[in-house]
Amino acid sequence: MSGIAAQVAERFSAARTDSGMLTAALFVEETAALAYAAAAEGPLAGDERDLALRFAGHEREHARVFETILFALTVPVREHAAEPDLRVLVPGLRRAGREEALARLAELEGAAIAGHQMLGRRLRALDALRSVATVMAGGAQHLVVLRRALGDEPVTRTLESGC
Amino acid sequence: MVTAPVLGVRLTVSEYDRSIRAASRLRAGSYSRRRFLGAAGALVGGALLGGCGAEEAGKAPRSDADVLRELLRHELTAGAAVIGVAGSELIARQDALHARRLAGRAGTDLSGRPATAVHLPAALIRKQDAVFAYVEALPRLADPALRVLVMQLAASEAEHLAALRLEAGDEPVPDAFAGFTEGPPP
């Protein structure tokens, strides 16, 4: 398991409640938004830069989903991921080369998917799972684009676990 | 066209007051599934505040096997070969494995169910419908391991959508939620 995957898995595993797991999911989506933005500012250029900016917007939309679920569960969101969190979770992203940056983004997307599926196993508020799954499915589509950019084959998995 | 039973609201609502209004619309059954789940929390709020929604009301609980058999029907439809798209053979093989996995867990025989090949537009609609079906089924599954399996299948089908669009030269990820969003809220 990569450093990114291990850190994200630990964050989800450590949560003992629905609100804790959803807060972990919020953190990961917010960090992913920062990661795509950082990749767009540094290692990526041209069409890939544009794509990263668009995916950063998607990640912000994903984060708003988790924030809204937490609101519905009357859980206040007091903290949001920021640049230092990105530096811990994806160190060196801004200085990375193109390929390394794409690989780190793919690792982060995969780790998020694995976390969402942990929610599938453990979440008690089952109706929220539909929303979690829409975010996960959006992340899976990002993965296809990242794998294609990296030249990875196949770009789809029979059972996408994020691992 | 993808069918649109009443279920949810759209996802991209940012302000809490808007999500609360959306939850009211959800309870009132005024949103289509195409708009779906929105304000995510609004769906949760709707469910928490108003039960399971109009679609679920008055229905007896179904077994996990029943839910899986229904999903298998969607998978078999979505699993048809795609005419004239490079890479679709792999997707068809993955779909066959999806169907086998579902049939095995549902205790259903897969024999005698050939899928007719379709052109890309029809394939995309069928794939999108499969993603809708998988996501919609999740809260109806009691077994946590089956919920994980269905999430993995949903993710795979969402990937198929993106991959087919890529092969066709279309925008692979046109929205943030694998088809669960559309234009601005009413």
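Heads up: the structure comes first, above all this text.
Values in this document were obtained by computation on a predicted structure and should not be read as measured data.

Caption draft 1: Spatial organisation of the interface of chain A and chain B. Counting from both sides, the interface comprises 47 residues of chain A and, opposite them, 60 residues of chain B. When chain A packs against chain B, close to 4400 Å² is buried across both sides, 67% of that on carbon and sulfur atoms. Applying the counting criterion to the chain A and chain B interface returns 15 residue pairs in polar contact (both at pLDDT 80 or more). If you list the elements that add at least two residues to the side of chain A that touches chain B, you get α3 (46-72), α5 (98-122) and α6 (128-150) of chain A. When residues in the side of chain A that touches chain B are grouped by element, the largest group, 19 residues, is from α6(A).

Caption draft 2: Summary view of the layout of surface pockets. All names here are of chain A. Size it by volume and the largest pocket reaches roughly 490 Å³. In terms of lining residues, the largest pocket is bounded by 24 residues, among which Gly110, Ala111, Ala114, Gly162 and Cys163 are the most central. Residue contributions to the lining of the largest pocket peak at 10 residues, all from α5. A breakdown of the residues in the lining of the largest pocket according to their chemical character gives 13 nonpolar, 6 polar and 5 charged.

Caption draft 3: Geometry of helix α4 (residues 88-106) of chain B. Residues and elements named next belong to chain B. The terminal C-alpha atoms of α4 lie 26 Å apart, and with 19 residues this matches the ideal 27 Å at 1.5 Å per residue to within 8%. The set of residues buried in α4 consists of Ser88, Ile91, Gln94, Asp95, His98, Ala99, Leu102, Ala103 and Ala106. For α4, the elements touching its buried residues are α3 (64-78), α5 (120-137) and α6 (144-168). Of the residues flanking the end of α4, it is Gly107, one or two places downstream, whose phi is positive at about 70°.

Caption draft 4: Broad picture of unusual backbone geometry. With an omega of -5°, the peptide bond between A:Glu153 and A:Pro154 qualifies as cis. The residue A:Pro154 is located in the segment after α6 in this model. Unlike most non-glycine residues, A:Thr74 shows phi in positive territory, near 60°. Tracing the backbone through its elements, the reader meets A:Thr74 in the loop between α3 and α4 (83-89). Even without being glycine, B:Ala178 reaches a positive phi, approximately 50°. Position of B:Ala178 among the secondary structure elements: in the segment after α6. Taking the relative accessible area as the measure of exposure, B:Ala178 reaches 1% and is therefore buried.

Analysis parameters
Position numbers for residues start from 1 in each chain and track the written sequence from start to end. Key to labels: chains lettered from A, ligands numbered from 1, both in the order written. Local features in this predicted model are restricted to residues whose pLDDT is 70 or higher, and side-chain atom pairs enter the listing and the counts only when it is 80 or higher, whereas totals over whole chains, interfaces and linings include all residues. To obtain the side-chain values, all non-hydrogen atoms of the structure were included, while hydrogens and water were left out. Should any heavy atoms of two residues lie within 4.5 Å, those residues are counted as being in contact. Throughout, buried area stands for the accessible area (probe radius 1.4 Å) lost by two parts on being put together, summed over both. For the purposes of these results, a polar contact is taken to be a pair of N or O atoms within 3.5 Å, where, inside protein, one atom must be able to donate a hydrogen and its partner to accept one; residues adjacent in sequence count only when each atom of the pair is a side-chain atom. What counts as a helix is a DSSP run of H or I of at least four residues, what counts as a strand is a run of E of at least two, and both are numbered from the N terminus. Only protein atoms enter the 1 Å grid used here, on which a cavity is any set of points holding a 1.4 Å probe that cannot leave and a pocket is any open set flanked by protein within 12 Å on both sides along at least five of seven lines; residues with an atom within 4 Å of a point are listed as lining. Grid points are joined across faces, edges and corners, and a volume is the space filled by probe spheres set on the points. Residues are sorted three ways: Asp, Glu, Lys and Arg are charged, Ala, Val, Leu, Ile, Met, Phe, Trp, Tyr, Cys and Pro are nonpolar, and all the rest, Gly among them, are polar. What a helix is expected to span follows from its residue count: subtract one and scale by 1.5 Å. Each residue is placed in one exposure class: buried if its accessible area under a 1.4 Å probe, protein chains only, is under 20% of its type's maximum, exposed if it is over 50%, and partly exposed if it falls in between.

Remember, this is a structural readout, not a statement about activity or role.
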